[in-house]
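What follows is each chain in one-letter form.
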Amino acid sequence: MEEVLTVDQVASFNQTGVLVVPGFYNLSEVEPIQRGIYSVIGLVIDEKRLSIQQAEFAPETFDSGFQELIAHDRGLGGLVYDAVKQIPAFIRLASSTNHEAVIRQLRGTATPAIAAGGYGIRIDNPQEEKFRAAWHQEYPAQIRSMDGLVFWSPLLSMTKELGPVEFCLGSHKDGVVPVRMKDAANPEKVGAYGLTLADEAERVKRYDRAAPLTQPGDMVVIDWLVLHRSGENHSNRSRWSMQMRWFNFEEPTGRRLGWPGSFAAGNDLRVAHPELVVD
Ligand SMILES: O=C(O)CCC(=O)C(=O)O
Ligand SMILES: [Fe+2]
């Protein structure tokens, strides 16, 4: 299989645990996903007989009508969220051979996997805390394999106001971090959203941080052990981004556990990893 990253990109990824690859996807792969989202929003507006007008489709405003929709009924935002991960163009992108080439190149594995329930499209709404990801590593929220990668890509141009994802550079080298199952400051956060690092404040101070501003077509590859969190969206538009998670079947912990999956698969981190859960 073709090598898709340069030697320098591989070295930079190994150093920091995160790498931005500008223009990794063709916009001709991304636009059908944006069109799919536009259509789903339109179908929900029609189904609910709402008087919301969608502008003509354009890639920059593919979510036309969505702010009005969630202002009318926030629950309809959840319906759209559950629906859009089933858009065929998105599944095609998630399972693309270029992702496979990256994981083979970065991990040297002959046996990559796509994490079931580990791909989706985030919709981070302005001024909303409940679904914002606090500092975390991917592994405890996935429990497929300790060796995994998130492919993250925005569906709109990221700005500081939209709250780009923030990374603790090099934090993947310090291994898996124990967590608490509840976020005491935000009791409305449940499941994977409630996980908090046991020593969060002290730990994240150790690292330099980056919060890259990316464009549609750009890809950010993230080590499953690097610490990262969602920014806060202080704009007046939802932040739409794709997460596509792959892992390595060969990694020993995943093999021993049988690649079970975590919250989304109905499993409990305390069962797979009692040593990782504090309190
Ligand atoms: O997009 C975000 O805000 C968080 C992304 C994230 O945690 C991930 O892709 O694993
Ligand atoms: Fe994450």
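Residues numbered from 1 in each chain as written. Chains lettered and ligands numbered in written order. Predicted model: local features only at pLDDT ≥ 70, side-chain atom pairs only at ≥ 80, totals over all residues.

**Student:** Could you clarify how one ought to interpret the overall build of the chain in this entry?
**Tutor:** Each helix and strand in the chain was counted, giving 10 helices and 10 strands. For the chain, the C-alpha radius of gyration of 19 Å lies close to 19 Å, the compact-globule estimate for 279 residues. Projected onto its principal axes, the C-alpha positions of the chain cover 55 × 45 × 35 Å. Within the chain, buried positions represent 37% of all 279 residues. By sequence separation, contacts in the chain at least 24 residues apart represent 83% of the contacts at least 6 residues apart. (Helix = DSSP H or I, 4+ residues; strand = E, 2+ residues; numbered from the N terminus. Rg over C-alpha atoms; globule rule 2.2 N^0.38 Å. Buried ≥ 20, exposed ≤ 12 C-beta atoms within 10 Å, placed from the backbone. Contact = placed C-beta atoms within 7 Å.)

**Student:** Would you mind going over the nonpolar core with me for this structure?
**Tutor:** Soluble globular proteins tend to pack their nonpolar side chains together in the buried interior. Counting 57 residues, the largest nonpolar core has Ile41, Leu149, Phe151, Trp152, Val221, Ile222 and Val226 as its most contacted members. Counting residues per element, this core draws most heavily on helix H2 (residues 27–47), which supplies 7 residues. Look past the residues within four positions of Phe151 in its chain and what remains in contact with it is His99, Met219, Val221 and Met244. (Core = buried A, V, L, I, M, F, W, Y, C linked by C-beta atoms within 7 Å.)

**Student:** In this structure, what is going on with the environment of Gln67? I would like to understand it.
**Tutor:** Its location among the elements puts Gln67 in helix H3 (residues 66–72). Judged by the 16 C-beta atoms lying within 10 Å of it, Gln67 is partly exposed. In this structure the C-alpha to C-alpha distance between Gln67 and Gly77, which are 10 residues apart in sequence, comes to 9.0 Å. Once residues within four sequence positions are removed from consideration, Gln67 is found in contact with Arg237 and Ser238.

**Student:** What exactly am I supposed to notice about the sheet that holds strand E7 (residues 209–210) here?
**Tutor:** The strands that make up a sheet pair up through hydrogen bonds in the backbone, lying either parallel or antiparallel. What the 3 strands build is an open sheet, ordered E7-E4-E9; its pairing is antiparallel. Unpaired on one side and paired on the other, E7 and strand E9 (228–229) mark the two borders of the sheet. The pairing of strand E4 (residues 166–168) with E7 spans 2 bridges and is classified as antiparallel. Each bridged residue has a counterpart across the sheet, and for Phe167 the counterpart in E7 is Ala210. (Pairing = 2+ DSSP bridges.)

**Student:** I tried to follow the sheet that holds strand E3 (residues 148–154) on my own but got confused; where do I start?
**Tutor:** One open sheet accounts for 5 strands, arranged E1-E8-E3-E10-E2; its pairing is antiparallel. Edge strands, defined here as strands with exactly one partner in the open sheet, are strand E1 (18–21) and strand E2 (112–124). Each adjacent strand pair in this sheet contributes to an overall mean axis angle of 20°, direction not counted. Relative to strand E10 (residues 239–248), E3 runs antiparallel, the two sharing 7 bridges. For Leu149, the partnering residue across the bridge sits in E10 and is Trp246. Against the sheet, helix H1 (residues 7–16) contacts E1 and strand E8 (219–223), and its axis sits at roughly 145° relative to E1. (Axes fitted to C-alpha atoms, helices over the stretch in contact; angles between N-to-C directions.)

**Student:** What is the right way to look at the environment of Val30 in this model?
**Tutor:** One can find Val30 in helix H2. Separated by 187 residues in sequence, Val30 and Gly217 have C-alpha atoms that sit 6.9 Å apart. Contacts of Val30, omitting those with residues within four sequence positions, involve Tyr25, Pro216 and Gly217.

**Student:** Would you explain the pairing of E10 in this entry?
**Tutor:** In regular strands, side chains alternate between the two faces of the sheet. Summarising burial for E10: 10 of the 10 residues are buried, a large majority. In E10, alternate side chains face the same way, and those of Arg239, Ser241, Gln243, Arg245 and Phe247 on one face and Trp240, Met242, Met244, Trp246 and Asn248 on the other are all buried.

Geometric values such as these leave the question of function open.
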